[in-house]
Amino acid sequence: MCLLKLEGVSKTFGKGTGMVTALDGINLSIDKGSFTTIIGRSGSGKSTLLNIAGGLLSPEKGHVILDDIDLYARKEKELARIRRKKVGIVFQAFNLIPEFTVLENICLPSYLDQNKPNMKFIDDILEMIEMGDNKNKYPFELSGGEQQRAALARALSTKPDLLLADEPTGNLDIKSGEQVLDAIHYCYRLFNQTTLLVTHNLEIAGQSNRVITLQDGKIVSDSIGEII
Ligand SMILES: Nc1ncnc2c1ncn2[C@@H]1O[C@H](COP(=O)(O)OP(=O)(O)O)[C@@H](O)[C@H]1O
Ligand SMILES: [Mg+2]
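The following refers to the structure shown. Note that the structure is predicted; figures quoted are calculated from it, not measured.

**Some thoughts on the overall build of the protein chain**
Within the protein chain, the secondary structure is distributed over seven helices and ten strands. For 228 residues, the compact-globule estimate of 2.2 N^0.38 gives 17 Å, and the protein chain sits close to it at 17 Å. Taking all 228 residues of the protein chain together, 50% fall into the buried category. Taking all contacts inside the protein chain whose residues are at least 6 apart in sequence as the whole, residues at least 24 apart take part in 68%.

**Considering the sheet that holds strand β7 (residues 162-166)**
In space, the six strands of this open sheet follow the order β6-β7-β8-β3-β9-β10, with mixed pairing throughout. Edge strands, defined here as strands with exactly one partner in the open sheet, are β6 (87-90) and β10 (218-224). Looking at each pair of strands side by side, their axes are set apart by 15 degrees on average, direction ignored. Along the sheet, helix α5 (residues 144-156) contacts β6 and β7; its crossing angle with β6, the most-contacted strand, is approximately 170 degrees.

**Brief notes about the site of ligand 1**
Around ligand 1 lies a shell formed by Phe13, Val20, Ala22, Arg41, Ser42, Gly43, Ser44, Gly45, Lys46, Ser47 and Thr48. At 3.1 Å from an oxygen atom of ligand 1 is found a main-chain nitrogen or oxygen belonging to Gly45. A distance of 2.9 Å is found between an oxygen atom of ligand 1 and a side-chain nitrogen or oxygen belonging to Ser47. Coverage of ligand 1 by the protein chains reaches 60% of its 560 Å² of free accessible surface.

**Some points on the sheet that holds strand β4 (residues 61-66)**
Reading across the sheet, the four strands line up as β2-β1-β4-β5 and stay open at both edges, with antiparallel pairing between neighbours. Bordering the open sheet on either side are β2 (20-31) and β5 (69-70), each of which pairs with just one other strand. Here five bridges tie strand β1 (residues 2-13) to β4, and the two strands are oriented antiparallel to one another. Each residue of the ladder has a partner; that of Ser10, found in β4, is Lys61. Lying over the sheet, helix α1 (residues 46-53) contacts β1, β2 and β4, oriented at roughly 125 degrees with respect to β1.

**Thoughts on the pairing of β7**
Within β7, five of the five residues are buried, which leaves it mostly tucked inside the rest of the structure. Neither face of β7 is open: one carries Leu162, Leu164 and Asp166, the other Leu163 and Ala165, and all of them are buried. Summarising the sheet, β6 and β7 pair through four bridges and their orientation is parallel. Looking across to β7, one finds that Val90 is bridged to Ala165. Examined bridge by bridge, β7 and strand β8 (residues 194-198) share five bridges and lie parallel to one another. Note that in β8 the partner of Leu164 across the bridge is Leu196. In this fold, the crossover linking β7 to β8 by way of helix α6 (residues 174-191) has right-handed handedness.

**Regarding α1**
Three or four residues apart is the spacing at which side chains of an α-helix point the same way, because the helix has 3.6 residues per turn. Extensive coverage of α1 is indicated by the burial of six of its eight residues. Once α1 finishes, Gly55 follows within two positions and takes phi at roughly 80 degrees, a positive value.

What counts and what doesn't
Residues numbered from 1 in each chain as written. Chains lettered and ligands numbered in written order. Predicted model: local features only at pLDDT ≥ 70, side-chain atom pairs only at ≥ 80, totals over all residues. Heavy atoms only, no water. Helix = DSSP H or I, 4+ residues; strand = E, 2+ residues; numbered from the N terminus. Rg over C-alpha atoms; globule rule 2.2 N^0.38 Å. Buried < 20%, exposed > 50% of the residue type's maximum accessible area, 1.4 Å probe, protein only. Contact = heavy atoms within 4.5 Å. Pairing = 2+ DSSP bridges. Axes fitted to C-alpha atoms, helices over the stretch in contact; angles between N-to-C directions. Near = heavy atom within 4 Å. Polar contact = N/O pair within 3.5 Å; in protein donor to acceptor, adjacent residues only side chain to side chain. Areas by Shrake-Rupley, 256 points an atom, 1.4 Å probe, with all protein chains shown as cover. Right-handed = clockwise from strand over helix to strand, strands pointing away.

Right, here's the structure in full:
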């Protein structure tokens, strides 16, 4: 079953001679329960694609259909609500709030929607990704890898339909990066969490069941392989 569909999605930045085509007529369907990796050189449009897919950036042309909802046909407030409910995002820069503990950071998406956080589920995730002992710590007390795992727990805390991760290991050393990716894979296997991961790491890409290569804002290869 298709969870996410991009239909003829294009995006440019800038004007006149400085104009850059970040995405050029992207058509893409992502199945529920799939794990897809997006690779491509720096500047090929990976982050733009993820941001548009996640409801954070409107395309100039085309449609983004998430769970049968045409995202950018909705008003901004409604779009923000849909995004919080359906999409979890992990960025390269962690983006944790420094004044909040790990647990407070994780509960924030629920509070923003006036929902009670699902503490049992959150505790389970923290245990699974070996962060149970860190939940009352502040981000500055954690290593980069731990901060990113906290960001992963935050992204998953509302049981999103779609997890997006944009170079989540980009700021980490190899070992911490592997732990974060293991945690993402683990959550994928356990919850059948639909995941779209951007990475430069070809080894990681090889562990996905689908690898999409972007070049100059276009999909230049799309291969479906073994299930991880
Ligand atoms: N906010 C922006 N303003 C201007 N240009 C941008 C912006 N975001 C992305 N771009 C340009 O769009 C192209 C694609 O960028 P991006 O999606 O960030 O690529 P990637 O994530 O693959 O490195 C690049 O040429 C980049 O410079
Ligand atoms: Mg990027």
